[in-house]
Every structure is written in C-alpha cells, then in structure tokens.
Amino acid sequence: MVPALRYLGSVCGRARGIFPGGFSAAHTPASGKSRLLCQGGRRASTSSFDIVIIGGGIVGLASARALILRHPALSIGVLEKEKNLAVHQTGHNSGVIHSGIYYKPESLKAKLCVQGAALIYEYCPKGISYKQCGKLIVAVEQEEIPRLQALYERGLQNGVQGLRLIQQEDIKKKEPYCRGLMAIDCPYTGIVDYRQVAFSFAKDFQEAGGSVLTNFEVEDIEMARESPSRSKDGMKYPIVIRNTKGEEVRCQYVVTCAGLYSDRISELSGCNPNPRIVPFRGDYLVLKPEKRYLVKGNIYPVPDSRFPFLGVHFTPRMDGSIWLGPNAILAFKREGYRPFDFSARDIMDIIIKSGLIKLVFQNFSYGVNEMYKACFLSATVKHLQKFIPEITISDVLRGPAGVRAQALDRDGNLIEDFVFDGGVGDIGNRILHVRNAPSPAATSSLAISGMIADEVQQRFKL
C-alpha cells in the first residue's frame, strides 16, 4: 500500500512565514513526513500530477511557474527535499544580476543571461527590491588590457546594454577608492535577493493552482507496475516518484532541476548520469560596516580564460553589506558549506565517477593558490588591495559560503554551458533533465523557464 502523504493546508491564507504576501512555510511535522506548503486550491488529498518538477530552487520554481501559467488546466507539483524552498545554490549566491558579458557568443549562457536579466528587471518592480548599481571590470596590470578589450567586444557581440571602456579618471568617478588602468563600465549589472525572487515565483505558481511539497527527498523514479488501488485514473499517471520515507507521488511527466544532485536524479530515472556534478565551495569575506564606503557597486577583476571562475570580486548586497570573494575550492560534500564538512559517498563519486583527477593535474597551480587563499586571510586581502589599496586585514571578517554545482566530463573538462537532456525508454521519453545550470542560472531563470516550457510542450505534446 502506498503510504499516505501528509499535506498541510488546502487553501493559501494570509499566514505568517517565509513567503512574502502570506505564504507560510509550516514547521516541520514531528513525524518528518512530507508537507504541502500551500495547496493552491487543488484537493489536499491528491498525490497525482500531470507534471512534477523535482527541485525547489529558483530554476525549478521559475519552470513550475512558467508551465502552470502556460497550461492552467494541468495539475503541476514541485517536490523539494528540504523543509523550505531555495535553500542551497539559490540561497547561497552573491545576488548579482549578471549582464551576459562573459559568455561565449551564441552559447545558451550568453543568450539566456541577456534575456534573463531583462526579464528579472521587468519582474522585480512588481514587489521585489533590487538595485541596478552597475559593475566595473577593472584591469590593474598592463598585460590584462588586451583581455579586457576582448571581453568588451564579446559583450557587444552578446548584446549587453550600455557597455563602454573607461580610463583611470572615469574609474575614480564611479569608484573613488578603486585603482585601475582601464575598465569596462557595465551599467546593466544589478543586485537582488534571489531567495526572495524564488519565493515570489513560488507564490505565483501556487496562486495559479500549483502545489509545493517539501521534505520530499526523491529516492526512486520508476514506471508503475499496476494501477493504484481504487484509482479512477487507471494508468493516467504511470511514473512513480518515491521518497526516502516510502511516500509516493504519481505523474505523467517529470522535469528535474536538482542542482547539486542533477546527475544522481538522472541516474535514478535510468538516464545518462554524465556529466557528473563536482561541488566547488566558494568562501566570502565581509567588509566591516565602517568600511562599506570604500565600495559603491560591483568591482570585478579581468577573468582569466584558462580558468572557469570569475575571480575574487567586490559585491554590494541588498542589506547594505559588502561581500568580498569568492574563492573556488573543492568541497568534500555536495552541501559542504563549512571547510570540514565531509561525505564519503560524495568524495568517492567525485574520485571514481568524474574526471576530477584530470582536472586537478590540468589546473594544479590554480587549485593550490585557491586553497592557500582559503586558509590564509592575508592572501585574499593582498589580492583585494590590487583594486582598493585602503583595505587591510583588520577591515574584513570571514563571511558565508556557497557551493557551486559544476558539471564535469570524464576527461576533466568543466562543462561551461547549460545542459538539458532527456532519455530513452518508458521513463526517458517522459522526462526532461536540467543537468548543468550554474551561474548565471539565477539571472537567467525566467529565460530558462521559458525555454523549458517550450521544450516540455514540444517533447510531451501537451
């Protein structure tokens, strides 16, 4: 017999909780059973959906919102393993609205970031605070200027708005305490609290009739062997999604947006587990309040194309704080936000199933340097002083950390673009996987969701 799912609440009321506008994240039941945060007007007893989205981060919630707005007659549910939404990558990023300057022209990253930034700026005025504070990408060494100019040309190719190359005197006008030889002024860059954006997507989704089920950690995905007892729907919902507590949800189609677990969820469904996810932790420093005057907008270094990360940068936050970082070091656990967080299973997966060893040999000096900066505060501060010499080690504190889900192939190559795929067979033909969606996925979330809705409609013939 299928264990009964426990749903809390059948109508969205003006309850207190984490969702703005009255959407409540109920307390975890003592039983630890899955719970429906807000039922959105559908029957609270239902455990069958036309479409299920696995993953309650910003990409999953944006996709759920796009699907239900496009197909209001369908029953759509979101499954999230944590007790609250947007806990991991969405809740641990820098909050930057990226402009799309960095990414290879014609790539999905470039197209979706430029589109997504415009959509975020269009969406946020409906009730979410944001700031279009701009960004400077600053060359502090003569050898960086050719790379800066090439990046400027790339931004123009990608259609980024308002870009201009500026000299030292204009750098000082925008950032009085920043030194640099030349910079790209990127006025379209902004900041926002992406967790609030994700909550707003959830609110839209639920008001349109969608259901969000938390505390539902997916353990198995399979085709139903027989119809559920007393079911009037017969085999209308042939896919069974089972969680770690033995509870089940049935559906016709599945979209997975599982972030740090995207490879494992794909493997559970019988689809290709590659590319594998390798977690990279990024540690931030925080500028002390009395020194916040040193930074007005985002200040970024000129990226080195040999490496996949953008380098340590200065990022203002919506709460007024200034984050400095992040570094990029291997995390020993997929949700390893602290230096000594460790999972034997995660480490074995990384070593045996991914191309990490090859990546390490290819980027050994870079990795050692990142580890050194993670251990010694003075090393990071020394790098920051290239841009703002007034910063000293006494001006900074250790801050939060995030974990990036980076897809890696077996040859040790970092997958740079977004990856979406399905599979073959009974389940594979009914599933769409979002396999690699690191930064700028939050910026791109509304554009990604539109593309996913298009793909779902075409693939599943809705």
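Residues numbered from 1 in each chain as written. Predicted model: local features only at pLDDT ≥ 70, side-chain atom pairs only at ≥ 80, totals over all residues. Heavy atoms only, no water.

Colleague: Before we move on, could you go through the pattern of salt bridges and cite the residues and values that matter?
Modeller: One pass over the full model with this rule turns up 25 salt bridges. A salt bridge links R264 to D346; the nearest nitrogen and oxygen atoms lie 2.6 Å apart. Taken together, the positions of R264 in helix α6 (residues 262-268) and D346 in helix α7 (residues 344-353) put the pair 82 residues apart, joining distant regions of the chain. Judged by relative accessible area, which is 6%, D346 ranks as buried. Its salt-bridge partner being K358, residue D411 comes within 3.5 Å of it at the nearest N-O pair. Pair noted here: D411 is in the loop between β19 (396-408) and β20 (419-421) and K358 is in helix α8 (residues 356-362), with a separation of 53 residues, a long-range link. Residue D411 is classed as partly exposed on the basis of its relative accessible area of 45%. Here the residues in one salt-bridge network are D263, R264, R334, D346, D349 and K353, joined through shared partners. (Salt bridge = Lys/Arg side-chain N within 4 Å of Asp/Glu carboxyl O. Helix = DSSP H or I, 4+ residues; strand = E, 2+ residues; numbered from the N terminus. Buried < 20%, exposed > 50% of the residue type's maximum accessible area, 1.4 Å probe, protein only.)

Colleague: Summarise the sheet that holds strand β9 (residues 190-192); cite the residues concerned and give the values.
Modeller: Ordered in space as β4-β9-β5, the three strands form an open sheet in which the pairing is antiparallel. This sheet does not close on itself; its edge strands, each paired only once, are β4 (96-97) and β5 (130-131). As paired elements, β4 and β9 share two bridges and run antiparallel to each other. Opposite I97, over in β9, you have G190 as the bridge partner. (Pairing = 2+ DSSP bridges.)

Colleague: Which residues make up the packing of aromatic side chains, and what are the values?
Modeller: Throughout the structure, instances matching the rule amount to 11 aromatic pairs. Relative to F387, the ring of F314 lies with its centre 6.3 Å away and its plane at 70°, an arrangement referred to as edge-to-face. One end of the pair, F314, is in strand β16 (residues 313-316); the other, F387, is in the loop between α10 (377-384) and β19, with 73 residues separating them in the sequence. Classification of F387 by relative accessible area gives buried; the value is 3%. The structure contains a cluster of three or more aromatic residues connected by ring pairs, namely Y102, Y103 and Y300. When the ring centre of Y300 is taken as origin, the NZ or CZ atom of K135, which lies over that ring, is 4.3 Å away. (Phe/Tyr/Trp six-rings, centres within 6.5 Å; stacked < 30°, edge-to-face > 60°. Lys NZ or Arg CZ within 6 Å of the ring centre and 35° of its normal.)

Colleague: An account of the environment of S63 is needed here, citing residue identities and associated values.
Modeller: Within the secondary structure, S63 sits in helix α1 (residues 58-70). S63 gets classed as buried once you look at its relative accessible area, which sits at 0%. The sequence separation of S63 and S449 amounts to 386 residues, and the corresponding C-alpha distance is 4.2 Å. For S63, the contacting residues outside a window of four places in its chain are C257, S449 and I452. (Contact = heavy atoms within 4.5 Å.)

Colleague: With reference to specific residues and values, describe unusual backbone geometry.
Modeller: With an omega of 5°, the peptide bond running from N274 to P275 counts as cis. Checked against the element boundaries, P275 lands in the loop between α6 and β14 (276-287). Of note, the bond from G325 into P326 is cis; its omega dihedral lies within 30 degrees of zero at 0°. Among the structural elements, P326 can be located in the loop between β17 (322-325) and β18 (329-330). You will see that A86, though not glycine, has its phi angle at about 55°, which is positive.

Colleague: So what's going on with the nonpolar core? Residues and values would help.
Modeller: Residues I51, I53, I58, V197, F201 and V456 are the most contacted members of the largest nonpolar core, which totals 47 residues. Secondary structure elements with two or more residues in this core: β2 (48-54), α1, β3 (76-79), α2 (108-123), α5 (194-207), β13 (248-256), β21 (431-436) and α12 (441-460). Top contributing element to this core by residue count: α12, with nine residues. Here I58 is in contact with T90, Y194, V197, A198, F201, A442 and S445, once residues within four sequence places are set aside. One finds V140, I171, L377 and F387 within the second-largest nonpolar core, a separate group that totals 23 residues. (Core = buried A, V, L, I, M, F, W, Y, C linked by side-chain atoms within 4.5 Å.)

Colleague: Give a description of the side chain of R435 that names residues and reports values.
Modeller: In this structure, R435 sits in strand β21. Looking at R435, its side chain comes within polar contact range of the main-chain oxygen of N272, at 2.8 Å. A distance of 3.0 Å separates a polar atom in the side chain of R435 from the backbone oxygen of P275. When residues no more than four places from it in sequence are discounted, the contact partners of R435 are S262, D263, S266, N272, P273, N274, P275, I277, V419 and D421. (Polar contact = N/O pair within 3.5 Å; in protein donor to acceptor, adjacent residues only side chain to side chain.)

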